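Results of the structural survey
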Amino acid sequence: MNSIVNKIKELKIKKNAIILAHYYQNSEIQDIADYVGDSYYLSKVGFESDADVIVFCGVKFMAESAKILSPNKTVLLPNEEALCGMAVMASPNKIEKMKKEYPNAKILCYVNSSTEVKAISDVCCTSSSAMNICRNIQSDEIIFVPDKNLGSYIQEKVPEKRIVLWDGFCCIHNNIRQEDVIKVKEEHGQDIEVLVHPECTKEVRKLGDFIGSTGQIIEYASNSNKQEFIVVTDVGILHKLRKISPNKKFHSLDMVCKNMKITTITDVYNCLKDLSNEIHIDEEVRIKAENALRKMHELG
């Protein structure tokens, strides 16, 4: 392992590359990354860096977002099979048909979506910025794609707007049930805090002492006076939580996104060595998607 890690470090220097890893990646991938974080944060890091090559250890839509912001940089996805199930649930053609049913609605697109979906959207959002953006959109009617659970959470917080939900979801978060959380809580005592990602269902969110994005969960747990937590999102986040707060206890529900764990050290080495698995986006589509991302900064 040390040998291949050293080779990756040498290649990074040689090719002026930066390695970005999402919190849900395996721990050995997080440990070789220059930056670990939420997907859109990492895209911004790539844009702001002086690197010529961005190696994005995540899933495809994340690498695409990096390419949208950094069209003149080489963006690599170490494993081409790393796809997001929720992202592929949203079809641009079907979204445009829905738009015809709600002609006065604006399309608000979660960043966990394809470039093509971003390109037909009025504005994008992250899980942490979604509520502010929803409040600031100049429309009382919003089509939210693709995550119905995040969309329903926004609707609870912004009741003055009407949110039309697309029937998409993250299967890892959507499959967790109330009883799953209650069981773990009973095992560890009632004083434990429950931290929930908003991609979970409403019934699970009701059990949360805190609801937020991966980055927000990490920040909350790090600053909390509590010493023990149930973390209701992918187990990959525990690596960062335990690094930041080694004296605190974190329990998971064994939520594992296999596509986020498919990337290996060897994949990173090979793509960097050969500059393989490069992300390419049609320029006209990229510009439209970039406009939706730029709008996010204006409204968020």
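This text follows the structure it describes.
Predicted model only: the values in this text are computed from it and were never measured.

**Regarding the sheet that holds strand β1 (residues 17-22)**
Read across the sheet, 4 strands follow the order β2-β1-β3-β4 without closing on themselves; strand pairing throughout is parallel. Across the chains shown, the open sheet's two edge strands, defined by having one partner strand only, are β2 (35-37) and β4 (74-76). Neighbouring strand axes in the sheet, compared pairwise and without regard to direction, differ in orientation by 20° on average. Relative to β2, β1 runs parallel, the two being bridged by 3 bridges. Looking at β2, one finds that histidine 22 is bridged to glycine 37.

**Digging into the pairing of strand β5 (residues 106-110)**
Counting buried residues along β5, 4 of its 5 residues qualify, which places the element largely inside the surrounding structure. Inspection of the sheet shows β5 paired to strand β7 (residues 141-145) by 4 bridges, in the parallel sense. Pairing of isoleucine 107 across the sheet is with isoleucine 143, part of β7. When β5 meets strand β6 (residues 123-125), the two strands line up parallel, connected through 3 bridges. Along β6, the bridge assignment pairs tyrosine 110 with cysteine 125.

**Side note on the nonpolar core**
Val55, Leu108 and Val232 are the most contacted members of the largest nonpolar core, which has 106 residues in total. Per-element accounting of this core gives the leading share, 6 residues, to helix α4 (residues 60-69). Discounting residues that sit within four places of it in the chain, valine 232 has contacts with His173, Ile176, Val181, Val194, Leu195, Val196, His197, Cys200, Val204, Leu253 and Met255.

**Some words on helix α8 (residues 148-157)**
Burial in α8 covers these residues: Asn149, Leu150, Gly151, Tyr153 and Ile154. The residue sitting at the N-terminus of α8 and contributing the capping side-chain oxygen is aspartate 147; that oxygen lies 3.1 Å from the backbone nitrogen of asparagine 149.

**Section: the packing of aromatic side chains**
Within this structure, the stated rule accounts for 2 aromatic pairs. Where phenylalanine 210 meets tyrosine 220, the ring centres are 4.4 Å apart and the plane angle is 10°; that geometry is what we call stacked. Of this pair, phenylalanine 210 sits in strand β10 (residues 210-211) while tyrosine 220 is found in helix α12 (residues 214-223), placing the two residues 10 residues apart along the sequence. A relative accessible area of 26% places tyrosine 220 in the partly exposed class. Centroid distance phenylalanine 229 to phenylalanine 250: 5.4 Å. Interplanar angle 15°. Geometry classified as stacked. Taken together, the positions of phenylalanine 229 in strand β11 (residues 228-232) and phenylalanine 250 in strand β12 (residues 249-252) put the pair 21 residues apart, joining distant regions of the chain. For arginine 294, the ring lying beneath its charged end belongs to phenylalanine 47, and the centroid distance is 5.6 Å.

**Section: the packing of helix α3 (residues 39-48) against helix α16 (residues 283-299)**
When two helices pack together, their arrangement is captured by the angle between the axes and the distance separating the axes. At a minimum axis separation of 14 Å, α3 and α16 run at an interaxial angle of 105°. Between α3 and α16, the angle is such that the two are roughly perpendicular. Across the interface between the two elements, Tyr40, Lys44 and Phe47 from α3 touch Leu293, Arg294, Met296 and His297 from α16. Looking at the contact of α3 with α16 residue by residue, the classes come out as 4 nonpolar, 1 polar and 2 charged.

Here is what the cut-offs are and how they apply
- Residues numbered from 1 in each chain as written.
- Predicted model: local features only at pLDDT ≥ 70, side-chain atom pairs only at ≥ 80, totals over all residues.
- Heavy atoms only, no water.
- Pairing = 2+ DSSP bridges.
- Helix = DSSP H or I, 4+ residues; strand = E, 2+ residues; numbered from the N terminus.
- Axes fitted to C-alpha atoms, helices over the stretch in contact; angles between N-to-C directions.
- Buried < 20%, exposed > 50% of the residue type's maximum accessible area, 1.4 Å probe, protein only.
- Core = buried A, V, L, I, M, F, W, Y, C linked by side-chain atoms within 4.5 Å.
- Contact = heavy atoms within 4.5 Å.
- Polar contact = N/O pair within 3.5 Å; in protein donor to acceptor, adjacent residues only side chain to side chain.
- Phe/Tyr/Trp six-rings, centres within 6.5 Å; stacked < 30°, edge-to-face > 60°.
- Lys NZ or Arg CZ within 6 Å of the ring centre and 35° of its normal.
- Parallel < 35°, antiparallel > 145°, perpendicular 65-115°, else oblique.
- Nonpolar A, V, L, I, M, F, W, Y, C, P; charged D, E, K, R; others polar.

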